[in-house]
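The lines below spell out each chain.
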Amino acid sequence: MAPIAPDPAATPERTALSFELFPPRTDAAAIALGRTIDRLADVDPAFISVTFGAGGTSRDRSLTVLRYILENTDIEPMAHLTCVGSSHAEANELVRRFLDAGIRSFLALRGDPPAGSDPDAPLGDLATAAELVQLIHRVQQEREPFRQVAVAGNPVARRIRERGRPTRVAVATFPTGHPRSKDLAQDVDILLAKEVAGANLAITQLFWRADDYLGFVDRARAAGVTMPILPGIMPTTTSARLARLAELTEVEPPAEFAIALEIEPDAAAQAELGISFATGLAAEVLDGGAPGLHLYTYNRHEAVLDVVGRLGIATPHQLANERNTER
Ligand code: FAD
């Protein structure tokens with residue numbers, strides 16, 4: 001496989017690989033998730049992101065997982081945050097709380113209103129993810145208007161440096177179109193608006209054909225989007241999960257893959273189908289110039305690490321470590 005071709009627009013050097021988790025609901029699941037995080041950390045991803053229930057339902061559980069990553073690994077934890085249904089004051093307090101916990105990377109999302117709610121009801125003070133991106137920067141600047149750094153040779157002197165900024169403010173994007181958007185041009189416009197608001201990384205919704213991702217990136221670049229656009233891929237190892245994902249994301253998987261999974265009676269063979277499909281898709285987008293991979297884990301490390309192993313990915317950080325030990 002060709003080495004990961006870094007996107008020329010990619011700013012951070014560690015964007016090659018990232019993983020997504022969701023906060024566990026039980027103590028047993030929390031213990032299992034700790035082990036999963038340790039295993040994911042072994043391949044040295046650029047960051048591990050943790051989802052957030054729209055409306056703040058999972059706030060404390062998300063924060064617990066993020067703190068575990070912060071305190072037990074040297075991997076950057078990324079907090080998903082949603083703003084749907086929040087007042088300005090609530091959103092401000094939420095961002096502040098995560099910054100206070102030491103989180104410096106965010107995936108700013110609007111989130112969806114509760115199922116069955118009145119479609120004409122107001123969404124809260126922040127109607128779009130772009131406004132949340134601006135708020136994250138604003139809250140960070142208010143907390144830390146400038147930075148003081150030591151002056152070499154003078155233990156008491158301090159120099160003022162530029163404002164501290166969050167490491168990453170990522171946003172979601174939809175290569176096959178957000179279910180509620182008019183057309184793909186609107187999705188590109190919205191992505192550009194998010195970058196103008198201060199986002200520096202985009203992560204895609206699941207997609208099942210490499211051309212959907214690569215074509216969308218071309219459209220986004222033509223419209224002026226410069227931030228890296230990480231393809232979001234999930235090895236889907238059961239037919240039931242594939243059906244659930246299609247329902248949740250409203251992105252239809254290829255019929256031949258869905259049928260192959262459905263008619264395969266053996267669980268191990270089903271897993272193999274899902275892992276090889278995801279590996280093939282990942283290889284195609286990387287060959288097409290993707291700056292890395294964001295792998296949806298479903299809180300399990302086995303399938304995503306299998307994909308990483310089959311692709312033979314060495315992260316930029318691992319490569320740097322190897323170079324250091326060679327010296
Ligand atoms: P926005 O970009 O604000 O867009 C939402 C809608 O508004 C779209 O229909 C868009 O077409 C429209 N819109 C936006 N801006 C404008 C504008 N200026 N003018 C007109 N229309 C506009 N949900 C969660 O609850 N928790 C999570 O942790 C979570 N993680 C996710 C991670 C990823 C990688 C992805 C792809 C999605 C995730 N979601 C999550 C789902 C997401 O919250 C929903 O898809 C939501 O409907 C859209 O969120 P957004 O941030 O893209 O919103």
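The sections below set out a description of the structure shown in this document. Everything quoted here is computed from the prediction, not taken from an experiment.

The next point concerns the site of the ligand. Near the ligand, the surroundings consist of 23 residues, among which Phe52, Asp112, Ala129, His178 and Lys194 are the closest. Here an oxygen atom of the ligand and a side-chain polar atom of His80 are 2.9 Å apart. Backbone polar atom of Ala129 to an oxygen atom of the ligand: 2.8 Å apart, as the coordinates give it. Considered on its own, the ligand offers 960 Å² of accessible surface; in the complex 78% of this is hidden by protein. Only β3 (76–82), β4 (105–109) and α5 (184–197) provide two or more residues apiece to the shell around the ligand. Here the shell around the ligand is composed, by residue class, of ten nonpolar, nine polar and four charged.

In the structure shown here, the tally under the stated rule is twelve salt bridges. Taking the shortest distance from any N to any O, the salt bridge between Glu250 and Arg180 comes out at 3.0 Å. Highlighted residues: Glu250 in the loop between α7 (239–249) and α8 (255–263) and Arg180 in the loop between β7 (168–173) and α5, separated in sequence by 70 residues. Glu250 sits in the partly exposed class, given a relative accessible area of 49%. With relative accessibility at 60%, the residue Arg180 sits in the exposed group. Glu272 is the salt-bridge partner of Arg310, the closest N and O atoms lying 2.7 Å from each other. Here the residue Arg310 occupies a position in helix α10 (residues 302–311), and Glu272 occupies one in helix α9 (residues 267–287), the gap between them amounting to 38 residues. Judged by relative accessible area, which is 37%, Arg310 ranks as partly exposed.

Analysis parameters
Residues numbered from 1 in each chain as written. Predicted model: local features only at pLDDT ≥ 70, side-chain atom pairs only at ≥ 80, totals over all residues. Heavy atoms only, no water. Near = heavy atom within 4 Å. Polar contact = N/O pair within 3.5 Å; in protein donor to acceptor, adjacent residues only side chain to side chain. Areas by Shrake-Rupley, 256 points an atom, 1.4 Å probe, with all protein chains shown as cover. Helix = DSSP H or I, 4+ residues; strand = E, 2+ residues; numbered from the N terminus. Nonpolar A, V, L, I, M, F, W, Y, C, P; charged D, E, K, R; others polar. Salt bridge = Lys/Arg side-chain N within 4 Å of Asp/Glu carboxyl O. Buried < 20%, exposed > 50% of the residue type's maximum accessible area, 1.4 Å probe, protein only.

Read these as geometric descriptors, not functional statements.
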